[in-house]
Every structure is written in structure tokens, then in C-alpha cells.
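Each chain, letter by letter, is given below.
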Amino acid sequence: MGVSRQGWSGAFRLGAKAMTGVLAAGVVLGVGSPQVASAEPAPPAPVRVDAPRVAASEPLRVMPLGDSITRGTGAPSGSSYRKTLAERLRKGGLRINYVGSQRNGVSSDNNHEGHGGWNIGELAAHLDGWLAASRPDVVLLHVGTNNIKEGHSPASIARKLSAMIDQIRAARPEAHIFVAQIVTSRLPREAADARVYNRMIPTLVADKNDARITVVDQSSVGGIDLHDLRHPNEFGYSKMAWNWYQAMAPVLGTSGYTGANPYKMRRAVRCLLRTVTVGGESQQRTECLTWTLRTTTIQVNGVNRRVRAWLTLRETPQTYRVRVNGKLKTRTRTVQRWTGPGDLLNL
């Protein structure tokens, strides 16, 4: 039933070997249980600030800035959210040109400053040069994931983020800065720290009293929206593109229908990295399946609850008994069952 698979393996990581533990990804999740549908982030309040170049013939210069999530690790295209976001902005009536020293992805306009494994301090050390070379009108800032992975406290990460915003503002006084509340890791400790860090971001931005800085909530991207423990898959990146666009549209003056809202989809292909045993050896392979939003029953603190959750059809063996010549025999058959994601930490 619309199920496809592929053997794409060896996904890049943001850094050291991941921790293990009970799954927590910013939504109601459990190891071996389905992912309960996450709510769409609330749309940002309209902002009335004239953007540079919007009405000019020259495209708006947009710098995607961050780590491997900005680069596009976790999806075969390597385009991150960038290609889908550019398409939405173009449909909304805005011409853009991505700028940055890095290039990858399937689009012809694929510049960026996404540096895999880099924390905020490492990015900040090179930032002045990148800003001088690229002269962005818009900066899309998604940073802090590697700081959390490295065990930095949320408060210290927030201070580094604040300093980075000030650094961008000093170099580009008229630029619009869109600051992301970051994607939610599957790892419990990282997810908990990210929630604290993300809660600090609106306050630190508000304290700057700068109408050209906008907070963008990307924290609803997690669980089966991720290819591995931290990096979105293509569907997760489509959610990121939607969230960026919803924040950018009222600021930059775009309008009109730009494509389907991924948060309202009831069926989607998601590709998840899995550890499988082949010939007695553990290997990592990507499993691409069609997931459907269905009503199911799960147990929460011993109480059965009916919820809407993402499930997929998998072929599973089933044993049964049959009488042959007066004797009971055990037989095995293959059946299709609706199942959840299983253990998303076993990578």
C-alpha cells in the first residue's frame, strides 16, 4: 500500500556518537509507540517593516546560516529546507539569491553557510568574513544543536546566540534576521536542553527591541520527521521550509498560495535510518515508508487513550495453528499491520 524502500546508508552526524535513553522529541512519544501528531507552530504576528530590495530588480540576498541541518544532512537531495523555501518565496512574488561560501543540493541556487558539526562559537569566529563577502539582506539562523550535543548549558548557549545576533546586526544594520527555535533531537537529554534553550530565545530577541529580528519556531520538527537522531528527512525539511516561510511572508510582503501545508497532510513518505542485522552484522540502512495519520489506541500511564498518530503498514510474520490429519500444526503467514516507528534511538 504505497510502501517503498531504499538502501541509502551512512548518514552524516553532527558530532560524537549519540547517547541512548528513553525517546523524547517534543511530542508525546515512547519507544515502540506511534508518533502522536504534533501541532503546527502558531503563525507569527504580522510585522510591518519594509524590506530592502523587495521592490528592486536585484534579488534579495538570503544567507542560510547554521550547521549540518542548514547544510541538508539527513536527506538524499542535500538541499535542506532551502530549495522548498525558495520555491515558496518565488510563488509568493519574491526573487531571492542564496548567498554563502558553501554549495550543495539539487537546486542551481544552493549557496549557504551550513557547516556540519560546528557550534555557535566556531561559526562566530568566521562570521564577519562571511557577512562581508556575501552582504546578505536576510539571515536565516538555526544554531545551537551542536552546543547542546556537546553538553553546554542552555543559558550559555542563549548568551552565545545573543552575541551572534549582535554580531550580524553590527555587520549588516539593515538586514532582517530570522532566528530559529531549533529542531528537536530524539535524544532525551538533548531534547530537554533544547526545550529550555528554545524558551529563552523569544525573550532574548524581545530584549533587543529590533523590529528586523523575528523568531521562527522549528521545534515541532522531530521524531519521525528526522532521518536519524538529529537531522530532518525530506519531509522534516519541508516542515522547516513552511515555518520559515510563514515567518518571512508578513515581513517581506509575499502573499498567495505557495503550496500545501505539510502540517495538514494526512499521508507522507518519510525516510528513517534503521539498524538492521545482515549476515550476523549490524548495518545502518534507510527505510522509506508511506506514513498515514490514523486514529489508534495507546496507553498513557496505564490508561488507554484514543489519539491521532502517524502509522505505517509493515509486513510481519504471524503464527497460527491448524489441524492436519487430526494433529495440530504450527504455520506461519505474512500479514500487514499498522505499526508505529518502534525504537527510534537504536541507531
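Going by the structure above, here's the rest.
Residues numbered from 1 in each chain as written. Predicted model: local features only at pLDDT ≥ 70, side-chain atom pairs only at ≥ 80, totals over all residues. Heavy atoms only, no water.

Asks: Can you break down the pattern of salt bridges residue by residue, with the values?
Replies: Scanning the entire structure with this criterion turns up 11 salt bridges. Taking the shortest distance from any N to any O, the salt bridge between glutamate 87 and lysine 83 comes out at 2.6 Å. Placement of both glutamate 87 and lysine 83 in helix α2 (residues 82-91) is noted, with a separation of four residues, approximately one turn of the helix. Of the residues examined, glutamate 87 reaches a relative accessible area of 25% and is grouped as partly exposed. The exposure class assigned to lysine 83 is partly exposed, which follows from its relative accessible area of 31%. A salt bridge links arginine 172 to aspartate 137, with the shortest nitrogen-to-oxygen separation between them at 3.9 Å. Linking arginine 172 in the loop between α5 (154-171) and β7 (176-181) with aspartate 137 in the loop between α3 (120-134) and β6 (138-142), this pair joins segments that are 35 residues apart in sequence. Residue classification places aspartate 137 among the buried positions, given a relative accessible area of 4%. What you see here is one network of salt bridges that share partners, running through Asp225, Lys239 and Arg270. (Salt bridge = Lys/Arg side-chain N within 4 Å of Asp/Glu carboxyl O. Helix = DSSP H or I, 4+ residues; strand = E, 2+ residues; numbered from the N terminus. Buried < 20%, exposed > 50% of the residue type's maximum accessible area, 1.4 Å probe, protein only.)

Asks: Explain the side chain of histidine 227 to me, and be specific about the residues and the numbers.
Replies: Relative to the elements of secondary structure, histidine 227 occurs in the loop between β8 (213-217) and α7 (234-252). Residue classification places histidine 227 among the buried positions, given a relative accessible area of 0%.

Asks: Please provide a residue-by-residue account of the packing of aromatic side chains, values included.
Replies: Summed over the entire model, instances satisfying the criterion amount to three aromatic pairs. Both rings, one in tyrosine 81 and one in tryptophan 244, keep their centres 5.4 Å apart while their planes meet at 50 degrees; by these two values the pair is tilted. Pair noted here: tyrosine 81 is in the loop between α1 (68-71) and α2 and tryptophan 244 is in helix α7, with a separation of 163 residues, a long-range link. Classification of tyrosine 81 as buried rests on a relative accessible area of 0%. Exposure remark for tryptophan 244: the relative accessible area of 0% places this residue in the buried category. (Phe/Tyr/Trp six-rings, centres within 6.5 Å; stacked < 30°, edge-to-face > 60°.)

Asks: I'd love a proper account of unusual backbone geometry, names of residues and values included.
Replies: At serine 80, a residue that is not glycine, the phi angle is positive and equals roughly 55 degrees. Tracing the sequence through the fold places serine 80 in the loop between α1 and α2. The buried category is assigned to serine 80, whose relative accessible area is 4%. Even without glycine at this site, asparagine 209 takes up a positive phi of about 50 degrees. Looking at where asparagine 209 falls in the secondary structure, it is placed in the loop between α6 (188-207) and β8. Judged by its relative accessible area of 71%, asparagine 209 is exposed.

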